[in-house]
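Observations on chain architecture
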Amino acid sequence: MPDKRKVFVVSNLCTGCRTCEIACAVEHSQSKTLLGAISEELPPRYRIQVQAGDDLKLPLNCLHCEEPDCLFACKSGAVSKNPETGQVSVDMSRCVGCWMCVMVCPFGAAQPDHHRGKVIKCDLCEGRAGGPACVEACPTRALFYGTNEEFRAFIEEMKQIGIIGKSA
Amino acid sequence: MNYVIIGNSAAGIGAAEAIREVDAESAIVIISDEPESAYSRALISYELAGWIDKGELTFRPPEFYTEKNIEVQSGQRVVKIDTSVNEVHLRGGDTVPYDRLLLATGGSPQKTGVKGEEKEGVFGFRTYGDLQKIYKSVKKAKEGIVLGGGCIGLQAASGLHHHKIKTTIAITSPHLLSQVADPECGDFFQALFEDNGIKVKTGVKPLEFKGGDRIETVLFDDGTELPTQLVITGKGVKPNTDLAQGTKIEIDWGIKTDDRMATAEPNIYAAGDVAVTKDRVSCESTVNAVWPCAYEQGRIAGLNMAGKKVAYDGSMRMNAADFFGVSFISIGIVKPVDAGYESHSYFSQDQKIYRKMVFKGNHLVGAVLVGIVDNAGVLTNLMRKRVDVSTIKNDLLQGRYDFAVMSKLIKDQMESFQEPEYQEIVVV
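Residues numbered from 1 in each chain as written. Chains lettered and ligands numbered in written order. Predicted model: local features only at pLDDT ≥ 70, side-chain atom pairs only at ≥ 80, totals over all residues. Heavy atoms only, no water.

All names here are of chain B. L103, I169, F189, F328, L379 and L382 are the most contacted members of the largest nonpolar core, which totals 181 residues. It is helix α7 (residues 291-305) that provides the largest number of residues to this core, a total of 7 residues. The contacts of L103, once residues within four sequence positions are left out, are I6, I81, L243, I249, I255, I268, Y269, A270, A271 and V274. (Core = buried A, V, L, I, M, F, W, Y, C linked by side-chain atoms within 4.5 Å. Buried < 20%, exposed > 50% of the residue type's maximum accessible area, 1.4 Å probe, protein only. Helix = DSSP H or I, 4+ residues; strand = E, 2+ residues; numbered from the N terminus. Contact = heavy atoms within 4.5 Å.)

A separate point is the pattern of salt bridges. Within the structure shown, the criterion is met by 29 salt bridges over all chains. Residue R299 of chain B is joined to E67 of chain A by a salt bridge in which the shortest nitrogen-to-oxygen separation is 3.0 Å. One end of the pair, R299 of chain B, is in helix α7; the other, E67 of chain A, is in the loop between β3 (57-60) and α3 (69-73), on a second chain. Take E67 of chain A: its relative accessible area is 45%, and that puts it in the partly exposed class. For D182 of chain B, the salt bridge identified is with K356 of chain B, shortest N-O distance 2.5 Å. Taken together, the residues D182 of chain B in the loop between β11 (166-170) and α6 (183-195) and K356 of chain B in strand β26 (residues 353-360) connect sequence positions 174 residues apart. Like K356 of chain B, D182 of chain B is buried. Salt bridges sharing partners connect three or more residues here, namely D69 of chain A together with R280, E296, D313 and R384 of chain B. (Salt bridge = Lys/Arg side-chain N within 4 Å of Asp/Glu carboxyl O.)

Moving on: the interface of chain A and chain B. The partner chain B presents 47 residues to the 46 residues of chain A that form the contact. Together chain A and chain B conceal approximately 3,800 Å² of surface at their shared face, both sides included; 59% is due to carbon and sulfur atoms. Three residues, F72, K75 and M103 of chain A, lead the burial of chain A against chain B; their summed loss comes to 20% of the area buried on that side. Between chain A and chain B we count 3 salt bridges in total. With a shortest N-O distance of 3.7 Å, D69 of chain A and R384 of chain B are connected by a salt bridge. Of all the elements in the fold, those that place two or more residues in the side of chain A that touches chain B are β1 (6-10), β2 (49-52), β3, α3, α4 (100-104), β6 (111-113) and α6 (148-160) of chain A. Considering only residue class, the side of chain A that touches chain B consists of 27 nonpolar, 10 polar and 9 charged. (Buried area = accessible area lost by both parts, 1.4 Å probe. Nonpolar A, V, L, I, M, F, W, Y, C, P; charged D, E, K, R; others polar.)

A surface patch of positive charge is lined by K54, K136, K139 and K140 of chain B. By the element assignment, K140 of chain B lies in helix α4 (residues 128-140). (Patch = residues over 30% accessible without salt bridge, like charges linked within 9 Å, V, L, I, M, F, W, Y side chains within 5 Å. Areas by Shrake-Rupley, 256 points an atom, 1.4 Å probe, with all protein chains shown as cover. Lys, Arg positive; Asp, Glu negative; His and termini not counted. Charge placed at Lys NZ, Arg CZ, Asp CG, Glu CD.)

Moving on, we come to the packing of aromatic side chains. All names here are of chain B. Taken as a whole, this structure holds 20 aromatic pairs over all chains when the rule is applied. Ring geometry for F59 and W291: centres 4.9 Å apart, planes at 85°, overall edge-to-face. With F59 in the loop between α2 (44-48) and α3 (64-67) and W291 in helix α7, the pair connects residues that are 232 residues apart, well separated along the chain. Ring centres of F64 and Y65 lie 5.1 Å apart, and the angle between their planes is 75°; on these two criteria the pair is classed as edge-to-face. Directly above the aromatic system of F220 lies the positively charged group of K201, at a separation of 5.7 Å from the ring centroid. Taking the ring centre of F359 as reference, the NZ or CZ of K393 above it sits at 4.8 Å. (Phe/Tyr/Trp six-rings, centres within 6.5 Å; stacked < 30°, edge-to-face > 60°. Lys NZ or Arg CZ within 6 Å of the ring centre and 35° of its normal.)

The next point concerns the domain arrangement of chain B. All names here are of chain B. Its domain assignment divides chain B into domain 1 (2-108 + 237-305), domain 2 (122-233) and domain 3 (325-423). Here domain 2 and domain 3 have C-alpha centroids that lie 32 Å from each other. Summed over both sides, the interface between domain 2 and domain 3 buries roughly 1,100 Å², with carbon and sulfur atoms accounting for 69% of that surface. Joining domain 2 to domain 3, the criterion identifies 1 salt bridge. No other element matches α6, which puts 5 residues into the side of domain 2 that touches domain 3. Grouping the constituent residues of the side of domain 2 that touches domain 3 by class yields 8 nonpolar, 2 polar and 2 charged. (Domains from an automatic or database assignment.)

Residue and element names in this part refer to chain B. Running from amino to carboxyl end, helix α8 (residues 376-385) crosses helix α10 (residues 403-412) at an angle of 20°, the nearest separation of the two axes being 10 Å. Put simply, α8 runs roughly parallel to α10. With respect to the hand of their crossing, α8 and α10 are arranged in left-handed fashion. Where α8 approaches α10, its residues V378, N381 and L382 are matched on the opposing element by F403, M406 and L409. The residue inventory of the contact of α8 with α10, partitioned by class, reads 5 nonpolar, 1 polar and no charged. (Axes fitted to C-alpha atoms, helices over the stretch in contact; angles between N-to-C directions. Parallel < 35°, antiparallel > 145°, perpendicular 65-115°, else oblique. Left-handed = near helix turned anticlockwise from the far one by under 90°.)

Right, let's talk about α7 of chain B for a bit. Taking 1.5 Å per residue, 15 residues should reach 21 Å; α7 of chain B reaches 21 Å between its end C-alpha atoms and fits that length. Trailing α7 of chain B by a residue or two, G307 of chain B shows a phi angle of about 105°, which is positive. (Expected span 1.5 Å × (residues − 1).)

Turning our attention to the sheet that holds strand β14 (residues 215-220) of chain B. All names here are of chain B. Judged by pairing direction, the sheet is antiparallel, and its 3 strands sit side by side in the order β13-β14-β15 without closing on themselves. Where the open sheet ends on each side, the last strands, each with one partner, are β13 (206-211) and β15 (225-227). The average undirected angle you get between the axes of adjacent strands in this sheet is 25°. Alignment of β13 against β14, held across 5 bridges, turns out to be antiparallel. Across the sheet, P206 pairs through a bridge with F220, a residue of β14. (Pairing = 2+ DSSP bridges.)

With that out of the way, let us pick up the sheet that holds strand β16 (residues 230-233) of chain B. Strand order in the open sheet made by the 5 strands is β9-β16-β10-β11-β12 (chain B), with parallel pairing throughout. Only two strands of the sheet have a single neighbouring strand rather than two, namely β9 (122-123) and β12 (199-201) of chain B.

Once that is clear, we can look at the pairing of strand β27 (residues 363-370) of chain B. Residue and element names in this part refer to chain B. Most of β27 sits out of view: 7 of its 8 residues are buried. Two elements, strand β24 (residues 326-332) and β27, share 5 bridges in a ladder whose sense is antiparallel. Its bridge partner lying in β27, S330 is registered against V368. As defined by bridge partners, β26 adjoins β27 across 7 bridges and the pair is classed as antiparallel. Residue pairing across strands places M357 opposite A367, the latter belonging to β27. Where β26 hands over to β27, the hairpin turn is made up of 2 residues, of which G361 adopts a positive phi near 60°.

Put into structure tokens, the structure is as follows:
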């Protein structure tokens, strides 16, 4: 069974605390500690972004789309989609910072990193033992890492124990 | 089934990859008149500017063709399509039979029509071949002139500048980027280029390229004559439609296609810079010669060639670039032609930020972003889906256009947001 896990969002569990952003940045630093990260010459950037609407808080991340516009638009061949896992990845050695993906990502999940001249986006913390750092760090379980089925089951469970509304 | 694809760039590769998603077995032949393996035309300016290493222009790995079981005939020119027997004729006399044929023949730089254009040292700037010729001239050149103030022209100028050439951009219009941005945005970039040591000469037409065999000066219509050893012309691109001659394929500047990228000739499709498609924002038939559209059109053509029925929702005018560290993205209709449009712009010289939004009725139809280009794709998506943005218009004008803002529209206009990804963000 291919591993089609990704990061899902339950927006109304998000309090906007931005712990995920910190965890993401630290995970993508050289030192992997917050103290180390802030003193790095090129401080790391987070890939997940907590966005706020009127009555909405949304920790938005790459959704590893079925039909990834970023992949179709990439003129350096840096973006690829793993047919097994569905993961959309950027080969940083090939990215030239042309911002084509930034121009077409419908979610704004591909962001320009002007300091490095390259795009940044979620890499699902590939190779990290505990899975994506943002999910592990979220104190309110607004982020979920798993398959679509696992996510639906998680939502049901959250409803049953009354953490999220029964109406949805 | 025999698939034949003429053209080995974005549209051609997009088609080949799409065909292989559907049909793992049938023969795919890509024919290209360029000797190189698939490379990214759109990156030659990046190489000239030293942003990427020489020879790093490939956008698929070397093993791509063998892995996908695609035969490539490089350096071969198709001279004729014989639709009576479904064959293409190569220059050397060989023929290649097809069941489905894709014309992804791209475009060629338009001639300037200026006297002396054939002199050595006057170049178009489109292919790897052009780039190699420019490299040879770069070594001997002290001064260079770029004719054209669009994205390619500006990138070419940055490239010459990188090679320590004293560079002048000369344009007929009064402002840089005049096709894609407002005068004040153009003037901002002019100041940026001048600050970086590139001269900009506006409102002039070249009258003659002078010299012997080699270019020595360019004479302009204001009487000035600038010495130069290298000229790059950026007058835009003309679709390569020659092969359509003698077929039922309809030409209107480019090759006319339907919503499946099919031409009027059975079993022949067209995609990329050669293809006329419907612009999904302006609803006009046009050639949108940009990489993302080319790949997507190739993909749609490929899927349909392989028997899937997939409709193309139309192309979009869009471009992205980065000049001296200042990012630039332009999408949709940015120069409204009549009073039916409403434009708003915001400009901060200090912060190097410029932003323009163009509306028609309740729809966002165009945007220009300079400096901060984050979330540009959200705007592209709003235009592409043609959704009513009236409830978030104020947000847009304030520069707030992230996904959270767009999500306000999703509930009310659910029918426009059917992709699975929208269901994965659960707003309970």
